[in-house]
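Here is how the chains run, residue by residue.
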Amino acid sequence: MSMEKTFDAREAEPRLYAKWEAAGAFAAGANASRPETFCIMIPPPNVTGALHVGHAFNNTVQDILIRWHRMRGFDTLWQPGQDHAGIATQLMVEKELAKTQQPSRAELGRDEFLKKVWEWKGQYGSTIINQLKRLGSSCDWDRNAFTMSGAPNAPAGEEGNFHDAVIKVFVDLYNKGLIYRGKRLVNWDPHFETAISDLEVENIEVAGHMWHFKYPLAGGETYEYVEKDAEGNVTLRETRDYISIATTRPETMLGDGAVAVHPSDERYAAIVGKLCEIPVGPKEHRRLIPIITDDYPDPTFGSGAVKITGAHDFNDYQVAKRAGLPMYRLMDSRAKMRADGADYETCAIRAMEISKGAPFTEAEVDTLNLIPDNLRGLDRYEARKIVVEEINAEGLAVMIANPKAGEDGQPDLIPYVEAKPIMQPFGDRSKVVIEPMLTDQWYVDAEKVVGPALDAVRTGKTKIMPEAGEKTYYHWLENIEPWCISRQLWWGHQIPVWYGPEINDEGRLSFNNIKHFCAPSFEMAAEKAREYYGVNAKIRESDVKPVPGERKSKPVVAAPGIGLDFTEENEDPFAPIVMLSRDPDVLDTWFSSGLWPIGTLGWPEDTEEMRKYFPTDVLVTGFDILFFWVARMMMMQLAVTGEIPFHTVYLHQLVRDEKGKKMSKTAGNVIDPLEIIDEFGADALRFTNASMAAIGGVLKLSKDRIAGYRNFGTKLWNATRFAEMNGVFEAEVAGIPQPSQTVNRWIIGETAKVRAEVDAAFESYRFNDAANALYGFVWGKVCDWYVEFSKPLFDGEHAAETRETMRWVLDQCYILLHPIMPFITEELWGLTGTRAKMLVHADWPTYGAELIDAEADREMNWVIALIEEIRSSRAQMGVPVALKLPMVLAEAEPQARAALARNEALILRMARLEAITEGTVAKGSISIPAAGALFGLPLEGVIDVAAEKARLEKALAKVEKEAAGLKARFANPKFVANAAEEVIEEARENLAARAEEAAKIGAALKRLAELG
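Residues numbered from 1 in each chain as written. Predicted model: local features only at pLDDT ≥ 70, side-chain atom pairs only at ≥ 80, totals over all residues. Heavy atoms only, no water.

Caption draft 1: Seen up close, a negative patch on the surface. A grouping of Asp111, Glu523, Glu527, Glu531, Glu541 and Asp543 is seen on the molecular surface, where their side chains present a negatively charged patch. Counting residues per element, the negative patch draws most heavily on helix 14 (residues 522-533), which supplies 3 residues. (Patch = residues over 30% accessible without salt bridge, like charges linked within 9 Å, V, L, I, M, F, W, Y side chains within 5 Å. Areas by Shrake-Rupley, 256 points an atom, 1.4 Å probe, with all protein chains shown as cover. Salt bridge = Lys/Arg side-chain N within 4 Å of Asp/Glu carboxyl O. Lys, Arg positive; Asp, Glu negative; His and termini not counted. Charge placed at Lys NZ, Arg CZ, Asp CG, Glu CD. Helix = DSSP H or I, 4+ residues; strand = E, 2+ residues; numbered from the N terminus.)

Structure (structure tokens):
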């Protein structure tokens, strides 16, 4: 049956993938013929996810490695799975509930809402799996993992022990003192009412304002304020009774703990240690705060003085910690000004005592609500307006000259407010402004577990590529902060901690301090509670989270020998009833995904997969999650198993558009990989991904490039059709052919060269080098040169060996290309003969330099170089393509003369020559050099030399002018300093292209000069 004219990717790809799956081609250990294992853990996409260009690139690289190792006979596992994606999934389900007019999350309650989440997961959770299959990803889908598998109340089909592994690790780390609960500043999302990670924060430049205010010195004190220029000359001297600050968030002034200046700032030396007044709030209870020194303020920026609001700014938080300042929380979980607690007067009086040196505790400070009564419950931005109005009304704004003074009654002075762009943090999913918030959260004491993870990279047990990744890794881990692992969500692994009252000094139950019982289940927590409260205590579970503070209770009877309270409804005085409530928070998804390598292999059970595939081999992931995921996997696997999770980390950059710009819907430059697959086929997208996968390189994706690689697949298809029409696949091939004809010996050697080149590239993760080598070999050496060279051989005495050689060479093309282009190669493999097994399991070749015939290699490469030189010269001189020209052999060494004699017919046909005669390079000819020979190409009367010269000189002037403009841009320091990275890179590429073009035109002009 003859082949179709073209490869129909839309029809073939799903058919071929189904065939692979039906044959179990991707199963762990499939095609294994050697003892070595090779395992990759897929970076688990969110269960809410859809395939984007980053997924497509990342999974292409992984699949290349997996297919290559599988064909080499390694016992291979590519472990797939999805992350439960706490916030993202909860958001999707809540949107679905609203869209379908179902009860809201709050109305449903936790248990019923989680049932809805599982329903949603069952309906939509496999979307990205199916999309990865369209890309050709050869994961062992029967082992598909999920980070919530085995969770309580998980429906049928969600069995597994990942949840048990997560809970076990939390409990173990808690028991070792490596997990604790504490109050620290976090990114707080007011929409979801939860802490979020830095990766879930988008810093966006927006139009903003900076207000300048006066903080009056306590008691009306004054000081001499002096400003000097760079040479030390006094430029301003005046007496002040205030210190000025600038802020973009006036509403946070209510929580200030101090004003800080740099120790070297002479302007404020006289007032360091003094108190100043926060210029907002009821005057009679206005707080005083100290003026302190710290290295954080920049004396050259603004006034050099900075307000320190430790509970609402990350930099301020560090200053407040260093200085031991109270940190007053101003907002509730919705980013409204607090409305809880005692009245403002009571809280302000206590805060004043603290300002004057009274001792305080963190817990007490958190109860103090310093929001004036008129601002309580307001949105933070409403409160901002009122704060600014009140400060202005009191005359405590810094005033500047009004540029419109005198116009329509405009005042001479106006409050100093700068309109300026500011970077503002937004939740990547909620799209609301993130508020730094001081909250109680669970933390991993990362500093105590980071050591082995650092040592693993320092000693080379784990290698990070490119090397810049190692530097970033060291920087983050050497300066690591406690890791916040709790989230105020419902979807996720609920924290296995139950709370109960402490036994106070009087032997009574007290909620002034809350006791933690950490255990995998309530039953186990209850056992721990009985050890604490007494063996006869009756432990019950409550849904109400305890809040610190004493409770009013009915009269109680002390249990003899225990001294514990019990409710009067309890009839047994020797068995007190204690209610325990579970922490409602869940674990951050980075905590559970940090266990991905072992959790997917069945740990903590002693499984065969765990023994065989752990530690895994390579992790392929984006540079942006080096800290959030890679480093945490290193820390957690080493803490749990004492082993590194992988020996190599391959980091790649963000996939950008063809100009190097970040893709975004706003910019309109997003490329949808599924649309690309529909239009060009998965192989074209995969080859494009491989071709741009230089280590550490910028990933620029363009449709034109993808279309070009689709044409590459078509070229291979057409070469196969040519072979079919010439009876190539009727030939029997038993091993590597042993031909006599030079061209056949040459192409076998070229195949051996590219095999070695591809293996070396894959081994060192230089996927672009492998792709470029295969492109040059398949398109250039095989489809162009060898197909053309072979045509006259099919009719002569060398026909049989040529058919045998071409069949073998094409088979090698399919095999070597398969890891990058699996679909078209598998199709061609199946169409071109009866095979013992599918190409996905074909044996990867191991032949090498022994197949290179030095004589054939030298001769055929001489022929190719000569033909290319002739073609290039004709093109440069503007010779009509179809015109056949005579050529003169001016001189030749014996070896060159012999090569010419054996291949003259090929040279004539492929260089479009009329004949080659011996003679001299006469006037009106251009010289054609070749190794050991010199030829002349007469062009007199063929081209208009003057017109061609004028055309080329005009083109050269244009190119040089463009190059000069680009050079001028690089000579401008402002361009280099301020232009976006992608703009600079584009200009650099354009300059290189102009230089290359100018060189070619110059060479052509030089040839024209030979014509006289």
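Moving on from the model shown.
Caption draft 2: Highlighting the environment of Asp455. Position of Asp455 relative to the elements: it lies in helix 12 (residues 446-458). For the pair formed by Asp455 and Glu345, sequence separation is 110 residues and the distance between their alpha carbons is 55 Å.

Caption draft 3: Highlighting the state of the cysteines. This model, assessed by the stated rule, comprises 0 disulfides. Here Cys783 stays unpaired: no disulfide links it, and the sulfur of Cys813, its closest cysteine neighbor, is 6.6 Å away. (Disulfide = S-S within 2.5 Å.)

Caption draft 4: Just helix 5 (residues 110-124), in detail. Here helix 5 contains 15 residues, and its C-alpha end-to-end distance of 21 Å stays within 8% of the 21 Å for a straight helix at 1.5 Å per residue. Taken together, the buried positions of helix 5 are Arg110, Phe113, Val117, Trp118, Trp120 and Lys121. One face of helix 5 carries all of its buried residues, which in axial projection span an arc of 160 degrees. In helix 5, the exposed positions that point more than 90 degrees away from the buried face belong to Asp111, Glu119, Gly122 and Gln123. The inward-facing, buried residues of helix 5 contact helix 3 (86-99), helix 4 (105-108), strand 4 (145-146) and strand 26 (586-587). (Expected span 1.5 Å × (residues − 1). Buried < 20%, exposed > 50% of the residue type's maximum accessible area, 1.4 Å probe, protein only. Arc of directions from axis to C-beta. Contact = heavy atoms within 4.5 Å.)

Caption draft 5: How the structure looks around the sheet that holds strand 24 (residues 538-542). Sheet architecture is open: 4 strands sit in the order 23-22-25-24, paired in mixed fashion. At either margin of the open sheet sits one strand with a lone partner, and together these are strand 23 (509-518) and strand 24. Each strand axis lies, on average, 35 degrees off the axis of its neighbour in the sheet, ignoring direction. Of the strands in this sheet, strand 22 (497-503), strand 23, strand 24 and strand 25 (577-582) touch helix 14, which is tilted by about 130 degrees from strand 23. (Pairing = 2+ DSSP bridges. Axes fitted to C-alpha atoms, helices over the stretch in contact; angles between N-to-C directions.)

Caption draft 6: Focus on the nonpolar core. Residues Phe591, Phe789, Trp862 and Phe935 are the most contacted members of the largest nonpolar core, which totals 209 residues. The biggest single contributor to this core is helix 23 (residues 767-790), with 13 residues. Grouped together as the second largest cluster of nonpolar side chains are 39 residues, Ala195, Met253, Leu375 and Ala397 included. (Core = buried A, V, L, I, M, F, W, Y, C linked by side-chain atoms within 4.5 Å.)

Caption draft 7: Representation of the side chain of Gln62 in the model. Along the chain, the position of Gln62 falls in helix 2 (residues 53-71). Note on Gln62: relative accessible area 0%, which makes it buried. A polar side-chain atom of Gln62 sits 2.4 Å from a polar atom in the side chain of Asn58. Ignoring sequence-local partners within four residues, the contact set of Gln62 consists of Ile40, Met41, Ile42, Pro43, Trp78 and Val620. (Polar contact = N/O pair within 3.5 Å; in protein donor to acceptor, adjacent residues only side chain to side chain.)

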